[in-house]
Amino acid sequence: MDMSSPTPPADEADEQRIRELVAQSQTAQADPDLLPALHTADAVIVNIAGRRLFGRDAFASAMAEALSSPLKDVRTSLRVRDIRFTTPGVAVVSLTKTVHDERPEAEAPSELPPVGAMTYVMTRQDGDWRIALAQTTPVR
């Protein structure tokens, strides 16, 4: 007998807002002001290379550093695979992240995997959704 409590029903407006936030995060990937602002102040980020960052400020700093290096020519695209509401104010979003390595000096195959399984944990704060955790696992 399953004693677990059922997942709260998804609200269509919340699901739509989460999809919009995912689209914003993809569009803002080269904006070190806008992308971190889509995250909670205490967000945890684990990128596809395994680098872990704690907090929006650390994320913004790392992002600015990456955008001033050849990594500025690496972009990603996101595809939402599933959205599950664990509570009315928390959602787990499963995505597929595709890496597009467009660095001109990269003659050899990229050390970055071309695809990652990405998870966002989103929380509702002040009436809107924010990314509390962004974690990417390389798919080889």
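Conventions used here
Residues numbered from 1 in each chain as written. Predicted model: local features only at pLDDT ≥ 70, side-chain atom pairs only at ≥ 80, totals over all residues. Heavy atoms only, no water. Helix = DSSP H or I, 4+ residues; strand = E, 2+ residues; numbered from the N terminus. Buried < 20%, exposed > 50% of the residue type's maximum accessible area, 1.4 Å probe, protein only. Contact = heavy atoms within 4.5 Å. Expected span 1.5 Å × (residues − 1). Arc of directions from axis to C-beta. Pairing = 2+ DSSP bridges. Core = buried A, V, L, I, M, F, W, Y, C linked by side-chain atoms within 4.5 Å. Phe/Tyr/Trp six-rings, centres within 6.5 Å; stacked < 30°, edge-to-face > 60°. Polar contact = N/O pair within 3.5 Å; in protein donor to acceptor, adjacent residues only side chain to side chain.

**Looking at the overall build of the chain**
Phase 1 of the analysis: Secondary structure summary: the chain contains 3 helices and 6 strands in total.
Phase 2 of the analysis: Mapped in sequence order, the helices and strands of the chain form the string α-α-β-β-α-β-β-β-β.
Phase 3 of the analysis: Considering the chain as a whole, with its 140 residues, one finds that 31% of them fall into the buried category.
Phase 4 of the analysis: Here the contacts in the chain between residues at least 6 apart in sequence split such that 54% fall between residues at least 24 apart.

**Digging into helix α1 (residues 12–27)**
Phase 1 of the analysis: With 16 residues, α1 extends 23 Å between its outermost C-alpha atoms, agreeing within 8% with the 22 Å of an ideal straight helix rising 1.5 Å per residue.
Phase 2 of the analysis: When α1 is considered as a whole, its buried residues turn out to be Asp-14, Ile-18, Leu-21, Val-22 and Ser-25. Considered in projection along α1, the buried side chains sweep an arc of 100 degrees and stay on one side of the axis. Facing away from the buried side of α1, by more than 90 degrees, are the exposed residues Glu-12, Ala-13 and Thr-27.
Phase 3 of the analysis: Looking at the buried positions of α1, the neighbouring elements they touch are α2 (34–37), β3 (74–87), β4 (90–101), β5 (115–125) and β6 (128–139).

**Some words on the pairing of β4**
Phase 1 of the analysis: In the sheet, β3 pairs with β4 via 12 bridges, with the strands oriented antiparallel. The partner of Arg-79 across the bridge, within β4, is Thr-96.
Phase 2 of the analysis: Hairpin connection, β3 to β4: the antiparallel pair is bridged by 2 residues.
Phase 3 of the analysis: Across 9 bridges, β4 lies against β5 in antiparallel orientation. Bridging from a neighbouring strand, Thr-98 pairs with Val-115 of β5.

**Quick look at the nonpolar core**
Phase 1 of the analysis: Membership of the largest hydrophobic core comes to 25 residues, with the highest contact counts inside it found for Ile-18, Val-22, Val-93, Leu-95, Tyr-120 and Met-122.
Phase 2 of the analysis: Looking at this core, the elements with two or more residues in it are α1, β1 (39–46), α3 (56–67), β3, β4, β5 and β6.
Phase 3 of the analysis: Top contributing element to this core by residue count: β3, with 4 residues.
Phase 4 of the analysis: Residues within four places of Leu-95 in sequence aside, it is in contact with Val-22, Leu-78, Arg-79, Val-80, Arg-81, Gly-116, Ala-117, Met-118, Thr-119 and Tyr-120.

**A few points about the packing of aromatic side chains**
Phase 1 of the analysis: Going through the model one piece at a time under the given rule, you end up with 1 aromatic pair.
Phase 2 of the analysis: Aromatic pair Phe-85 and Trp-129: ring centres 5.9 Å apart, planes at 65 degrees, arrangement edge-to-face. Taken as a pair, Phe-85 in strand β3 and Trp-129 in strand β6 lie far apart in primary sequence, 44 residues in all.

**Section: the side chain of Asp-14**
Phase 1 of the analysis: Mapped onto the elements of the fold, Asp-14 is located in helix α1.
Phase 2 of the analysis: In terms of polar contacts, Asp-14 uses its side chain to reach the side chain of Trp-129, at 3.1 Å.
Phase 3 of the analysis: Leave out the neighbours within four places in its chain, and Asp-14 touches Phe-85, Arg-124 and Trp-129.

**Some remarks on α3**
Phase 1 of the analysis: In a regular helix each residue adds 1.5 Å, so 12 residues correspond to 16 Å; α3 covers 16 Å between its end C-alpha atoms and thus fits that length.
Phase 2 of the analysis: Against α2, β1 and β2 (52–54) lie the buried residues of α3.

Nothing here speaks to function; it is all geometry.
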